[in-house]
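These are the residues of each chain, in order.
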Amino acid sequence: MTTGFSVREARGPEDREACFAVRRDVFVVEQRVPQEIEYDRYDETAVHVLAVREDGLPLGTGRLIHGEDAVGKTGADTSVGSLGRLAVTKAARGLGVGVTLVRAIEDAARARGLAAVDLHAQTQALGFYERLGYEAYGPEFQDAGIPHRAMRRAL
């Protein structure tokens, strides 16, 4: 428990809908990512994490894709998970929610025996992930019209 909020793996349909609502607010509404590409087949098998305020208000979310589902995102290495869809509501930014979500996703990866976590960071967020120990690799690329870089952190 962190002051004012907690983070947990999503437990059931209500938590998953809260995760999707945060993603809708941040990616679809705020960043104008088309809704049809925001949600994908990986949502069914991913581990979703949810940050909630003490009163239950959702503050942020992220997901971990692992196993065979992660192969296309991690260079065909099944010992590497893929962190993605990290989103924090505008009102909760600067409170440590993002850092806590990343660490919870890393814990979920460790619990599943993974050796590292990859992610595709928006270039404006590179510094955030670098402070958490991630290293960028490969060229910049576009995803949903937004520049990104691949990053990895060994666990």
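Preceding block: the structure.
Now for a description of the structure that goes with this document. (Residues numbered from 1 in each chain as written. Predicted model: local features only at pLDDT ≥ 70, side-chain atom pairs only at ≥ 80, totals over all residues. Heavy atoms only, no water.)

Points about the overall build of the protein
Cut-off, in case you're wondering: Only DSSP runs of H or I covering at least 4 residues are called helices, and only runs of E covering at least 2 are called strands; the numbering of each starts at the N terminus. In this setup the radius of gyration rests on C-alpha atoms only. A globule is expected at 2.2 Å times the number of residues raised to 0.38. When accessible area is computed with a 1.4 Å probe and restricted to protein chains, residues below 20% of their type maximum are described as buried, those above 50% as exposed, and intermediate ones as partly exposed. Whether two residues are in contact is decided by their heavy atoms: any pair within 4.5 Å suffices. Working definition of accessibility: Shrake-Rupley area with a 1.4 Å probe, residue cover restricted to the visible protein chains. We score Asp and Glu as negative and Lys and Arg as positive, and we do not count His or the chain ends. Where a charge lies is defined by one atom per residue type: Lys uses NZ, Arg uses CZ, Asp uses CG and Glu uses CD.
Scanning the protein for helices and strands turns up 4 helices and 7 strands. Its helices and strands in sequence order give the protein the pattern β-α-α-β-β-β-α-β-α-β-β, from N to C terminus. For the protein, whose C-alpha radius of gyration is 14 Å, the value lies close to the compact-globule estimate of 15 Å for 155 residues. Reported as C-alpha extents along the three principal axes, the dimensions of the protein are approximately 40 × 35 × 30 Å. In the protein, buried positions account for 43% of the 155 residues. Once local pairs closer than 6 in sequence are excluded, the contacts in the protein between residues at least 24 apart make up 63%. Looking at the protein as shown, the accessible area adds up to about 7900 Å², and 50% of this sits on carbon and sulfur atoms. Treating the 20 positive side-chain charges of the protein as one cloud and the 23 negative ones as another, the clouds have centres 2 Å apart.

Re the nonpolar core
Basically, it comes down to this: As used here, the term nonpolar core means buried Ala, Val, Leu, Ile, Met, Phe, Trp, Tyr and Cys residues forming a set that is joined through side-chain atoms within 4.5 Å.
Counting 27 residues, the largest nonpolar core has L83, V97, Y129 and Y134 as the members making the most contacts within it. Elements that contribute at least two residues to this core include exactly β2 (47–53), β3 (58–65), β4 (80–88), α3 (97–111), β5 (116–122) and α4 (126–131). Top contributing element to this core by residue count: α3, with 7 residues. Those residues in contact with V97, other than ones at most four positions away along the chain, are F5, A51, L59, G60, V88 and A92. Counting 6 residues, the second-largest nonpolar core is a separate cluster that includes V22, F27, V33 and I146.

A word on the layout of surface pockets
For clarity, the cut-off: Cavity and pocket criteria rest on a 1 Å grid covering protein atoms alone: a 1.4 Å probe that fits but cannot get out defines a cavity, protein on both sides within 12 Å along at least 5 of 7 lines defines an open pocket, and an atom within 4 Å of a point defines a lining residue. Grid points are joined across faces, edges and corners, and a volume is the space filled by probe spheres set on the points. The residue classification treats Ala, Val, Leu, Ile, Met, Phe, Trp, Tyr, Cys and Pro as nonpolar and Asp, Glu, Lys and Arg as charged. All others, Gly included, are polar.
In this structure, the largest pocket occupies an estimated 900 Å³ of space. In this structure, the largest pocket is lined by 38 residues; those nearest its centre are F27, L86, A87, Q122 and Y129. At the level of elements, α1 (13–30), α2 (35–38), β3, β4, α3, β5, α4 and β7 (146–154) are the ones that each hand at least two residues to the lining of the largest pocket. Broken down by element, the lining of the largest pocket gets its largest block of residues, 7 residues, from β4. Here the lining of the largest pocket is built from residues that sort into 20 nonpolar, 10 polar and 8 charged.

Thoughts on the sheet that holds β3
The pairing of strands in a sheet happens through backbone hydrogen bonds and is either parallel or antiparallel. So the rule is basically this: At least two bridges found by DSSP between two strands are what make those strands a pair. Whenever a helix is involved, its axis is fitted only over the stretch in contact; in every case the axis is a line through C-alpha atoms, and angles between N-to-C directions fall within 0 to 180 degrees.
Taken together, the 7 strands give an open sheet; going across it, the order is β1-β2-β3-β4-β5-β7-β6, and neighbouring strands pair in mixed fashion. Sheet topology places β1 (5–9) and β6 (135–143) at the edges, where each strand pairs with a single neighbour. Averaged over all neighbouring strand pairs, the angle between strand axes comes to 25°, with direction disregarded. Pairing analysis gives 5 bridges linking β1 to β2, with the strands arranged antiparallel. Across the sheet, S6 pairs through a bridge with V52, a residue of β2. The sheet strands contacting α3 are β1, β2, β3, β4, β5 and β7, and the helix crosses β4 at an angle near 155°.

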